[in-house]
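One-letter residues, chain by chain:
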Amino acid sequence: MPATTRIQLLGHASFRITTPESRIILLDPWLSNNPFVPEQLRQPERADLILLTHGHDDHMDAELPALLVQTGAKVAAPAPVRFYLQEQGVPAAQCEAMNVGGSIDVLDVRLTMTVAHHAAHVDRPDGTTSHQHEGVGFILRFSDGTVLYAAGDTALFGDMRLLAELHQPTLALLPIGDRYTMGPLEAAHAVRLLGVRHVVPFHYGTFPSLVGTPEQLRQHLGPDQAVTIHALQPGETLTLSELA
């Protein structure tokens, strides 16, 4: 059986991606004290690459610096988040310097950092905040030909159409909770701009203020849209090559 890309929802906005080369990528890992992640998934034994869309504490675990030092994983994040991690003892050699619009090849993945519209900061363990920044998203192109668009926490923006033209994503991870990100109405239009046929919604249903639902997303897409909404439950996995 050929090696393929798999994506697993850990909970809320945290994902675990397994590449065709069996590399482990953690996307926005909030794990150690996350009640929405199954207990057995809260302490990863390994990670090769960690992607951070921004520094809010529901996306970046307070214990992430220790995890990075323990695993030796590479990390890609907005520049102020990288600077914070280095201040916490993460070796600079593990930090992949990049910025919005740039692409790098890392661990057999072509990684592109994209714009996202989400004001952010780093939530420090002592309750203070620092390192203000704008959130980002990521495009990941894998060796099996599949392409993942991880939008991060974001508003709808028209240049999603350009991302579709350039990258032709197989699957999009889109926030739908509303209040802090797109809601289902805006996410449905994002699906149209991106031209994707498969969507994994996230950042909904975990806190009372995150009121958007996959059902509302489906209603806004309408019956004529040939789109499959994969409303994953924590621990569930999708294989990207099966989403043809």
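These lines cover the structure that appears in this document, whether it is placed above or below. (Residues numbered from 1 in each chain as written. Predicted model: local features only at pLDDT ≥ 70, side-chain atom pairs only at ≥ 80, totals over all residues. Heavy atoms only, no water.)

Things to note about the side chain of Ser130
Thinking step 1. Tracing the sequence through the fold places Ser130 in strand S8 (residues 129-141).
Thinking step 2. In this structure Ser130 comes out as buried when scored by relative accessible area, which is 13%.
Thinking step 3. At a separation of 2.6 Å, a polar atom in the side chain of Ser130 contacts the side chain of His131.
Thinking step 4. If sequence neighbours within four positions are ignored, Ser130 has contacts with His121, Val122 and Arg124. (Helix = DSSP H or I, 4+ residues; strand = E, 2+ residues; numbered from the N terminus. Buried < 20%, exposed > 50% of the residue type's maximum accessible area, 1.4 Å probe, protein only. Polar contact = N/O pair within 3.5 Å; in protein donor to acceptor, adjacent residues only side chain to side chain. Contact = heavy atoms within 4.5 Å.)

What about the pairing of strand S9 (residues 147-150)?
Thinking step 1. Here S9 shows a buried face lined by Val147 and Tyr149 and a second buried face lined by Leu148 and Ala150.
Thinking step 2. As paired elements, S8 and S9 share four bridges and run antiparallel to each other. By the bridge assignment, Phe138 is partnered in S9 with Ala150.
Thinking step 3. Linking S8 to S9, which pair antiparallel, is a turn of five residues; within it Gly145 sits at a positive phi near 90°.
Thinking step 4. Sheet topology places S9 next to strand S10 (residues 171-175); three bridges connect them, and they run parallel. Note that in S10 the partner of Tyr149 across the bridge is Ala172.
Thinking step 5. Remark: the S9/helix H3 (residues 160-167)/S10 crossover connection has right-handed handedness. (Pairing = 2+ DSSP bridges. Right-handed = clockwise from strand over helix to strand, strands pointing away.)

Some thoughts on the packing of aromatic side chains
Thinking step 1. Summed over the entire model, instances satisfying the criterion amount to four aromatic pairs.
Thinking step 2. With 6.3 Å between their ring centres and 10° between their planes, Trp30 and Phe207 make a pair best called stacked. Highlighted residues: Trp30 in the loop between strand S3 (24-27) and strand S4 (49-51) and Phe207 in the loop between strand S11 (198-202) and helix H5 (214-221), separated in sequence by 177 residues.
Thinking step 3. By relative accessible area, which is 13% here, Trp30 ends up buried.
Thinking step 4. Look at Phe36 and Phe207: their rings are 5.3 Å apart centre to centre, the planes differ by 80°, and that puts the pair in the edge-to-face class. Here Phe36, found in the loop between S3 and S4, pairs with Phe207, found in the loop between S11 and H5; they are 171 residues apart in sequence, far enough to count as distant.
Thinking step 5. Accessibility expressed as a relative area gives 24% for Phe36, which makes it partly exposed. (Phe/Tyr/Trp six-rings, centres within 6.5 Å; stacked < 30°, edge-to-face > 60°.)

So, the nonpolar core
Thinking step 1. Core analysis: the largest hydrophobic core is formed by 30 residues, its most contacted members being Leu140 and Leu173.
Thinking step 2. If sequence neighbours within four positions are ignored, Leu173 has contacts with Ile7, Phe15, Leu27, Leu148, Tyr149, Ala150, Ala151, Val200 and Phe202.
Thinking step 3. If you look at the next biggest cluster of nonpolar residues, it comprises 24 residues, including Met160, Val191, Val199 and Leu217. (Core = buried A, V, L, I, M, F, W, Y, C linked by side-chain atoms within 4.5 Å.)

Concerning the sheet that holds S4
Thinking step 1. Taken in spatial order, the six strands make up an open sheet running S5-S4-S3-S2-S1-S13, and their pairing is mixed. Unpaired on one side and paired on the other, strand S5 (74-76) and strand S13 (237-239) mark the two borders of the sheet. For this sheet the average axis-to-axis angle between neighbouring strands, irrespective of direction, equals 20°.
Thinking step 2. Pairing of S4 with S5, which is carried by three bridges, proceeds in the parallel orientation. Bridging across to S5, Leu51 finds its partner in Ala76. (Axes fitted to C-alpha atoms, helices over the stretch in contact; angles between N-to-C directions.)

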